[in-house]
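# Observations on chain architecture
Chain by chain, the residues run as shown.
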Amino acid sequence: QQKVQQSPESLIVPEGAMTSLNCTFSDSASQYFAWYRQHSGKAPKALMSIFSNGEKEEGRFTIHLNKASLHFSLHIRDSQPSDSALYLCAVSPSGFASALTFGSGTKVIPCLP
Amino acid sequence: EAAVTQSPRNKVTVTGGNVTLSCRQTNSHNYMYWYRQDTGHGLRLIHYSYGAGNLQIGDVPDGYKATRTTQEDFFLLLELASPSQTSLYFCASSAPTGQNTLYFGAGTRLSVL
């Protein structure tokens, strides 16, 4: 059974700063990697995803994947108050027709610089 | 944006009681999922389905049954509820494409006393 672990559990981030969230997975055959964001009291919502090794940037968010290291990460630059949320990483064996296994989440807490 | 509706939004029952959680999606998605969310565990997959009449077992299925009656409707059944099943339950759906994006409902908060 796939194991997905996230670190750190929580993160206090000064407004305007950059931060990194980490996710490790156990199944080397995994092919699809995603980040979801969940604002307090709301449903999780897909943020971005990646299939291949390397980086993918969308606005202030960058996802980096290293399959050999069984690791992927989410980098958030220019932190904003609206980034306050629980960030969940997710992995699946393939890009479609398979359920996602989620990590336990990293809570991002922005603060004044 | 995909629409997934869960009912009820809140439910309180007693130990040993029967509970049915309902989920309807109106986006012609083939795949539907039931997850539970608990602090420290992230989202854990209970059951999922590829289409009407199909059922797949997830990672934490014990104590739960599920039924997919139509493409739109997916139900989660707790026949002998226990306090350990007190949780926030999310239903999600996805389309069978390369981007396995899950669209979540607003959640059902269940308390078993």
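For the structure itself, look to the data block above.
My aim in this report is to walk through the structure given alongside it, one point at a time. (Residues numbered from 1 in each chain as written. Chains lettered and ligands numbered in written order. Predicted model: local features only at pLDDT ≥ 70, side-chain atom pairs only at ≥ 80, totals over all residues. Heavy atoms only, no water.)

A few words on the overall build of chain A. Within chain A, the regular secondary structure consists of zero helices and 11 strands. Starting at the N terminus and ending at the C terminus, chain A contains elements arranged as β-β-β-β-β-β-β-β-β-β-β. Since a compact globule built from 113 residues should have a radius of gyration of about 13 Å, the 13 Å found for chain A is in line with a globular shape. The 113 residues of chain A split such that 43% are buried. (Helix = DSSP H or I, 4+ residues; strand = E, 2+ residues; numbered from the N terminus. Rg over C-alpha atoms; globule rule 2.2 N^0.38 Å. Buried < 20%, exposed > 50% of the residue type's maximum accessible area, 1.4 Å probe, protein only.)

As a further point, take the nonpolar core. Within the largest apolar cluster, 22 residues are counted, with the highest numbers of intra-cluster contacts made by Leu21, Trp35, Phe72, Leu74 and Tyr87 of chain A. The set of elements that each furnish at least two residues to this core consists of β2 (10-14), β3 (19-25), β4 (32-38), β5 (45-50), β7 (61-66), β8 (71-76) and β9 (85-92) of chain A. Counting residues per element, this core draws most heavily on β9 of chain A, which supplies four residues. With 19 residues, the next largest nonpolar core counts Tyr32 of chain A together with Leu88, Leu102 and Phe104 of chain B among its residues. (Core = buried A, V, L, I, M, F, W, Y, C linked by side-chain atoms within 4.5 Å.)

Take the environment of Ile76 of chain A next. Residues and elements named next belong to chain A. For Ile76, the location among the structural elements is in strand β8. For Ile76, a relative accessible area of 0% gives the class buried. Along the primary structure Ile76 and Leu21 are separated by 55 residues, whereas in three dimensions their C-alpha atoms are 8.4 Å apart. Ignoring any residue separated from it by four or fewer positions in sequence, one finds Ile76 in contact with Ala17, Met18, Thr19, Leu21, Arg60, Phe61, Asp83 and Tyr87. (Contact = heavy atoms within 4.5 Å.)

This next bit is on the pairing of strand β4 (residues 31-38) of chain B. Residues and elements named next belong to chain B. For β4, the buried fraction is high: eight of the eight residues fall into the buried class. Across seven bridges, β4 lies against strand β9 (residues 87-94) in antiparallel orientation. Bridge assignment links Trp34 to a residue of β9, and that residue is Cys91. Sheet topology note: the β4/strand β5 (residues 42-49) ladder contains seven bridges and is antiparallel. Bridge pairing in β5 places Asp38 opposite Gly42. Remark: three residues form the turn of the hairpin made by β4 and β5, two consecutive strands paired antiparallel; Gly40 in that turn has positive phi of roughly 90°. (Pairing = 2+ DSSP bridges.)

Time to look at the interface of chain A and chain B. Each side of the interface is counted separately: chain A has 23 residues, and chain B has 24 residues. With both chains or domains summed, chain A and chain B bury close to 1800 Å², and 52% of this area falls on carbon and sulfur atoms. Split into classes, the residues belonging to the side of chain A that touches chain B amount to 13 nonpolar, eight polar and two charged. (Buried area = accessible area lost by both parts, 1.4 Å probe. Nonpolar A, V, L, I, M, F, W, Y, C, P; charged D, E, K, R; others polar.)

Turning next to the environment of Ala34 of chain A. Mapping Ala34 of chain A onto the fold places it in strand β4. As a C-alpha pair, Ala34 of chain A and Val91 of chain A span 57 residues in sequence and 6.4 Å in three-dimensional space.

Time to look at a nonpolar patch on the surface. Judged by side-chain polarity, Val12, Val14 and Leu113 of chain B come together as a nonpolar surface patch covering roughly 310 Å² of accessible area. Relative to the helices and strands, Val12 of chain B resides in strand β2 (residues 10-13). (Patch = residues over 30% accessible without salt bridge, like charges linked within 9 Å, V, L, I, M, F, W, Y side chains within 5 Å. Areas by Shrake-Rupley, 256 points an atom, 1.4 Å probe, with all protein chains shown as cover. Salt bridge = Lys/Arg side-chain N within 4 Å of Asp/Glu carboxyl O.)

What follows is about the environment of Asn54 of chain B. Residues and elements named next belong to chain B. Mapped onto the elements, Asn54 comes out in the loop between β5 and β6 (56-57). Under the relative-accessibility criterion, Asn54 is labelled partly exposed at 23%. Taking the C-alpha atoms as reference, Asn54 lies 6.6 Å from Arg68; in sequence the two are 14 residues apart. In contact with Asn54, other than residues within four places in its own chain, are Ser49 and Arg68.

In this section: the sheet that holds strand β6 (residues 54-58) of chain A. Residue and element names in this part refer to chain A. An order of β1-β3-β8-β7-β6 is seen for the five strands of this open sheet, with the pairing classed as antiparallel. Lying at the two open borders of the sheet, with one neighbouring strand each, are β1 (4-7) and β6. With strand direction ignored, the average angle separating the axes of adjacent strands in the sheet is 15°. (Axes fitted to C-alpha atoms, helices over the stretch in contact; angles between N-to-C directions.)

Inspection of the secondary structure puts Ser87 of chain B in strand β9. Leaving out residues up to four positions away in the same chain, Ser87 of chain B has contacts with Arg36, Gln37, Asp38, Thr108, Arg109 and Leu110 of chain B.

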